Amino acid sequence: MIITKKRDFQELLDNIRDYKSFFLIGCSECASLCGTGGENEVKELAEALRAEGKEVTGGIVAKTGCQVLGTKKELKAYKDAVNSAECILVMSCGAGTQSAVELFGDKPVYPTNDSLFLGNMTRFQVFDERCSMCGDCILDKTGGICPITTCPKGLLNGPCGGMKDGRCEVSPDIPCAWVRIYERMKKLDKLDELAESVIEVKDWSTAQSPRALSTREKKEK
Ligand code: SF4
Ligand code: SF4
């Protein structure tokens, strides 16, 4: 999931100082789980804006805010409320905000959240980064634990010399990624596999932005 946190409200107010009326778009997926764009947060932001003398013409928690066509379809039922708003506020990740930019070419669109990382909710409302979307996954070689993301140095072939008592030199509050990989491979009886595998220097061209992908099958002529 994409982990988001709310932007500073005063900064948001500064962004939208020239506008009086707003339509709010949340997202039922990641932003809801992060507490940044679900039903409650949409209501709370509407109240906070009204307290500042702004008008909120309506709001929606889109099923998947980053799905442009799906969101467009959902918004049809809110046509009047959307049309009467001067400005759109998007309470999801940056991709959701840019869905709204595609849908509302003639209206200003602002994000209410910062998009932080791709991660897991490991405990209630605790989120940990798990994948840097490198485009060439090596989890098959590391017992399913990503050293690129969970080792602050992104080391590919074992721990650095700073590892101490299984903890990370850079962030002692976290376990060393390579100790976790070792322990897991040991548990799976795959230490031989780990010893034999050398992970090549990564070709970061697979992570070059902007990336695009089409999974449409080519139609035969
Ligand atoms: S190796 Fe790359 S794709 Fe796989 S989890 Fe790590 S960053 Fe993500
Ligand atoms: S101690 Fe482990 S996790 Fe921390 S930087 Fe070194 S190898 Fe990476």
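Residues numbered from 1 in each chain as written. Chains lettered and ligands numbered in written order. Predicted model: local features only at pLDDT ≥ 70, side-chain atom pairs only at ≥ 80, totals over all residues. Heavy atoms only, no water.

1. As for the overall build of the protein chain
So, step 1. When you go through the protein chain residue by residue, the secondary structure sums to nine helices and seven strands.
So, step 2. Here the C-alpha atoms of the protein chain give a radius of gyration of 22 Å, more than 25% beyond the 17 Å that 2.2 N^0.38 yields for 221 residues.
So, step 3. Counting only C-alpha atoms and orienting by the principal axes, one finds that the protein chain spans roughly 65 × 55 × 25 Å.
So, step 4. In the protein chain, which comprises 221 residues, the share counted as buried stands at 36%.
So, step 5. Counting every atom, the protein chain has about 14000 Å² of accessible surface; 50% of that belongs to carbon and sulfur. (Helix = DSSP H or I, 4+ residues; strand = E, 2+ residues; numbered from the N terminus. Rg over C-alpha atoms; globule rule 2.2 N^0.38 Å. Buried < 20%, exposed > 50% of the residue type's maximum accessible area, 1.4 Å probe, protein only. Areas by Shrake-Rupley, 256 points an atom, 1.4 Å probe, with all protein chains shown as cover.)

2. A short note on the sheet that holds strand E1 (residues 2–6)
Hydrogen bonds along the backbone pair up the strands of a sheet, which may run parallel or antiparallel.
So, step 1. With antiparallel pairing, three strands are arranged side by side in an open sheet as E1-E6-E7. In this open sheet, the two edge strands, each paired with only one partner strand, are E1 and strand E7 (126–131). For this sheet, the mean angle separating the axes of adjacent strands, direction not counted, is 70°.
So, step 2. For strand E6 (residues 113–123) and E7, the ladder comprises five bridges, and the chain directions are antiparallel. Bridging from a neighbouring strand, Asn120 pairs with Asp128 of E7. (Pairing = 2+ DSSP bridges. Axes fitted to C-alpha atoms, helices over the stretch in contact; angles between N-to-C directions.)

3. As for the site of ligand 2
So, step 1. Around ligand 2 lies a shell formed by Cys151, Pro152, Lys153, Leu155, Pro159, Cys160, Met163, Cys168, Glu169, Val170, Cys176 and Ala177.
So, step 2. Of the residues assigned to the shell around ligand 2, the class counts are ten nonpolar, no polar and two charged. (Near = heavy atom within 4 Å. Nonpolar A, V, L, I, M, F, W, Y, C, P; charged D, E, K, R; others polar.)

4. Thoughts on the side chain of Thr142
So, step 1. With respect to the element layout, Thr142 can be found in the loop between E7 and helix H7 (147–150).
So, step 2. Within the structure, the side chain of Thr142 is placed 2.7 Å from the backbone oxygen of Ile145, a separation counted as a polar contact.
So, step 3. Those residues within four positions of Thr142 in sequence are excluded, and the remaining contacts are Pro147, Trp178, Ile181, Met185 and Ile199. (Polar contact = N/O pair within 3.5 Å; in protein donor to acceptor, adjacent residues only side chain to side chain. Contact = heavy atoms within 4.5 Å.)

5. Structural notes on the environment of Asn113
So, step 1. The residue Asn113 is located in strand E6 in this model.
So, step 2. Residue Asn113 is classed as buried on the basis of its relative accessible area of 5%.
So, step 3. Asn113 sits 100 residues away from Leu13 along the chain, and the two C-alpha atoms are 13 Å apart.
So, step 4. For Asn113, the contacting residues outside a window of four places in its chain are Thr4, Lys5, Lys6, Arg7, Thr36, Val90, Met91 and Ser92.

6. Describing the packing of aromatic side chains
So, step 1. Going through the model one piece at a time under the given rule, you end up with one aromatic pair.
So, step 2. The ring of Trp204 carries the charged tip of Lys202 above its face, separated from the ring centre by 5.9 Å. (Phe/Tyr/Trp six-rings, centres within 6.5 Å; stacked < 30°, edge-to-face > 60°. Lys NZ or Arg CZ within 6 Å of the ring centre and 35° of its normal.)

7. Some details on the site of ligand 1
So, step 1. Taken together, Cys131, Ser132, Met133, Cys134, Cys137, Ile138, Leu139, Cys146, Ile148 and Thr149 are the residues near ligand 1.
So, step 2. For the shell around ligand 1, the class distribution of residues is eight nonpolar, two polar and no charged.

8. As for the pattern of salt bridges
So, step 1. One pass over the full model with this rule turns up seven salt bridges.
So, step 2. Two residues, Lys153 and Glu169, come together in a salt bridge whose shortest N-O distance is 2.6 Å. With a gap of 16 residues between them, Lys153 in the loop between H7 and helix H8 (177–187) and Glu169 in the loop between H7 and H8 connect regions that are remote in the sequence.
So, step 3. By relative accessible area, which is 41% here, Lys153 ends up partly exposed.
So, step 4. Residue Glu169 is classed as partly exposed on the basis of its relative accessible area of 43%.
So, step 5. A salt bridge links Lys190 to Glu193, with the nearest nitrogen and oxygen atoms 3.6 Å apart.
So, step 6. With a relative accessible area of 39%, Glu193 lands in the partly exposed category. (Salt bridge = Lys/Arg side-chain N within 4 Å of Asp/Glu carboxyl O.)

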